[in-house]
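Observations on the three-dimensional arrangement
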Amino acid sequence: MTDISLNNGVTLPQLGFGVFQVPPEDTQRIVEDALAAGYRHIDTAAAYRNEAGVGAALAASGIPREDLFITTKLRNGDQGRAKDAYRDSLQALGLDFVDLYLIHWPVPSQELYVQAWKEMERLYAGKEIRAIGVSNFLADHLDTLLASSDVVPAVNQIELHPSYQQAELASKGRALGIAVEAYSPLGQGGDLKGNAVTAVAQAHDATAAQVVLAWHLAAGTIAIPKSADSARMRENFAASSLTLTDNEFSSITALERGARIGSDPAVAAFSQL
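Everything in this summary refers to the structure shown in the same document. (Residues numbered from 1 in each chain as written. Predicted model: local features only at pLDDT ≥ 70, side-chain atom pairs only at ≥ 80, totals over all residues. Heavy atoms only, no water.)

1. Quick word on the nonpolar core
One broad rule of soluble globular proteins: the nonpolar side chains tend to lie buried together. The biggest cluster of nonpolar side chains holds 69 residues, and the ones touching the most others in it are Tyr39 and Ile103. Of the residues forming this core, the biggest block, eight residues, is contributed by helix H8 (residues 208-218). The contact partners of isoleucine 103, leaving out residues within four places of it in the chain, are Leu74, Gln79, Tyr113, Ala116, Trp117, Met120, Gly133, Val134, Ser135 and Phe137. With twelve residues, the next largest nonpolar core counts Val10, Leu102, Val155 and Ala179 among its residues. (Core = buried A, V, L, I, M, F, W, Y, C linked by side-chain atoms within 4.5 Å. Buried < 20%, exposed > 50% of the residue type's maximum accessible area, 1.4 Å probe, protein only. Helix = DSSP H or I, 4+ residues; strand = E, 2+ residues; numbered from the N terminus. Contact = heavy atoms within 4.5 Å.)

Encoded structure:
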């Protein structure tokens, strides 16, 4: 598995495992299966209400903490209490620190994300978090944050898949030293049915999901697919061994059609509480 080096020198496995919409009662089992499949990078969030299950799986696995990379996120309604919210997440996870802590959404209508970031900067300066970053931040949110910040975000986790690539935003982030991380990397399954994907899959005797994940990896994007099926987890993990030709990569890139699935970060204002 290829590691990505963040702008502060911290490294993480480029292919991780996400637990968005995994029911709390199923989380421990599913994360244990993911760890058994080889994943060492697990992405959760306070808003998913399954941090405790993730933590239970980590504890049960017996895998040394230094071999794991754990991400969680600050809920929108907690932007005014970032330090306490972070410590709530640590307690739920049963961890002394997380490797990456993200502001989950900017929620510009609250006008709190800069305040939250400054609190996260203090936690980072105190070595309570290995890296800090953002999620769902658009270009203007990044500009506002950077104008008032001492620390450049290590990561911007955004919706990104072949039919919705946010190429300008990704390029801006990379130019600033911000790694791009894709959530919904398979377009919640919708990007697996196109002729270009299926043709490449047939050429490599691979699954469509492996092809799309290989496309992300070739682009240098961090990807966090989710599956509740252990066999599918292993298939997805094997995408790290698939190499696309330049023409194959271009054929997947050509699938862009602006097909956003999730909320628009410019106006999203849910509390997540």
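2. Some details on the pairing of strand S5 (residues 69-74)
Extensive coverage of S5 is indicated by the burial of six of its six residues. In this structure, strand S4 (residues 41-43) lies alongside S5, joined through three bridges in parallel fashion. The residue of S5 that forms the bridge with aspartate 43 is threonine 71. Taking the sense of rotation as the criterion, the β-α-β connection linking S4, helix H2 (residues 51-61) and S5 turns out right-handed. Bridge count for S5 against strand S6 (residues 100-103) is four bridges, and the pairing is parallel. Looking across to S6, one finds that leucine 74 is bridged to isoleucine 103. The handedness of the S5 to S6 crossover, carried by helix H3 (residues 82-93), is right-handed. (Pairing = 2+ DSSP bridges. Right-handed = clockwise from strand over helix to strand, strands pointing away.)

3. Details of the packing of helix H7 (residues 195-204) against H8
Interaxial distance between H7 and H8 falls to 8 Å at its minimum, and their mutual angle equals 100°. Overall, the two elements H7 and H8 adopt an arrangement that is roughly perpendicular. Facing Val197, Val200 and Ala201 of H7, the residues of H8 in contact are Ala208, Val211 and Val212. Among the residues forming the contact of H7 with H8, the class breakdown is six nonpolar, no polar and no charged. (Axes fitted to C-alpha atoms, helices over the stretch in contact; angles between N-to-C directions. Parallel < 35°, antiparallel > 145°, perpendicular 65-115°, else oblique. Nonpolar A, V, L, I, M, F, W, Y, C, P; charged D, E, K, R; others polar.)

4. Details of the side chain of glutamate 119
Looking at the secondary structure, you find glutamate 119 in helix H4 (residues 113-125). At a separation of 2.8 Å, a polar atom in the side chain of glutamate 119 contacts the side chain of arginine 122. In contact with glutamate 119, other than residues within four places in its own chain, are Ala82 and Lys83. (Polar contact = N/O pair within 3.5 Å; in protein donor to acceptor, adjacent residues only side chain to side chain.)

5. A look at the pairing of strand S8 (residues 155-159)
A regular strand places its side chains on the two faces of the sheet in alternate fashion. Among the five residues that make up S8, five are buried, leaving the element largely enclosed by the rest of the structure. As paired strands, strand S7 (residues 132-135) and S8 are joined by two bridges and run parallel to one another. The residue of S8 that forms the bridge with valine 134 is asparagine 156. Read as a crossover between parallel neighbours, the route from S7 over helix H5 (residues 139-147) to S8 is right-handed. Alignment of S8 against strand S9 (residues 179-183), held across five bridges, turns out to be parallel. Within S9, the position partnered with isoleucine 158 by the bridge is alanine 182.

6. Remarks on unusual backbone geometry
Residues other than glycine seldom take positive phi values, yet glutamate 111 does so here, at roughly 55°. Relative to the helices and strands, glutamate 111 resides in the loop between S6 and H4. What makes glutamate 111 exposed here is its relative accessible area of 71%.

7. Focus: the pattern of salt bridges
In this structure the tally under the stated criterion is twelve salt bridges. Bridged by salt links that share partners, the residues Arg75, Asp78, Arg81 and Asp88 form one connected network. (Salt bridge = Lys/Arg side-chain N within 4 Å of Asp/Glu carboxyl O.)

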